[in-house]
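Now for the letters of each chain:
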Amino acid sequence: MSFKIRVSFEDESIEFDCAPSDTILEAARRQGILMASYCEQGGCGACTALMTKGAVTYVRSVRGIPEQPEPGDMIRPCSAMPLDDLDLSPLSRWKQYPQ
């Protein structure tokens, strides 16, 4: 079982699958998608995205981010695992590379 993750920008969107046991960052990398990240612990905020649909849980608690975010909340994809299909609008651009 996996969830669909859709990442939307002004002019395009990227879709990929994510297993419930993977963070969004892990799944994106495995599928050739490069997203902004630095600490990969949720602390730096480089990967911050607005979650417009779905639900996530965190591998570890992240300061300044709701523990149970709802649509309309910011999340940290480096530490978040999906509980449902997600729609995200990241603060920085993600790129998909051909595999």
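See above for the structure.
Residues numbered from 1 in each chain as written. Predicted model: local features only at pLDDT ≥ 70, side-chain atom pairs only at ≥ 80, totals over all residues. Heavy atoms only, no water.

**Some points on the nonpolar core**
Logical step 1: Within the largest apolar cluster, 25 residues are counted, with the highest numbers of intra-cluster contacts made by I5, F16, I24, V56, I75, L88 and W94.
Logical step 2: Elements that contribute at least two residues to this core include exactly strand 1 (3–8), strand 2 (13–18), helix 1 (24–30), strand 4 (49–53), strand 5 (56–58) and strand 8 (86–90).
Logical step 3: Looking at this core element by element, the count peaks at 4 residues for helix 1.
Logical step 4: Not counting residues up to four positions away in its chain, the partners in contact with I5 are I14, E15, F16, C18, I24, P82, L86 and L88. (Core = buried A, V, L, I, M, F, W, Y, C linked by side-chain atoms within 4.5 Å. Buried < 20%, exposed > 50% of the residue type's maximum accessible area, 1.4 Å probe, protein only. Helix = DSSP H or I, 4+ residues; strand = E, 2+ residues; numbered from the N terminus. Contact = heavy atoms within 4.5 Å.)

**Things to note about the side chain of T48**
Logical step 1: Looking at the secondary structure, you find T48 in the loop between strand 3 (33–34) and strand 4.
Logical step 2: Since its relative accessible area comes to 7%, T48 is described here as buried.
Logical step 3: Excluding its chain neighbours within four sequence positions, the residues that come into contact with T48 are M74, I75, R76, P77, P90 and L91.

**Details of the sheet that holds strand 4**
Logical step 1: One open sheet holds the 5 strands; their spatial order is 2-1-8-4-6, and the pairing between them is mixed. Taken across any chain shown, the strands that pair with only one partner, and hence form the sheet edges, are strand 2 and strand 6 (74–75).
Logical step 2: Alignment of strand 1 against strand 8, held across 3 bridges, turns out to be parallel. Looking at strand 8, one finds that R6 is bridged to D87. (Pairing = 2+ DSSP bridges.)

Note that all results are geometric; they support no functional claim without further evidence.
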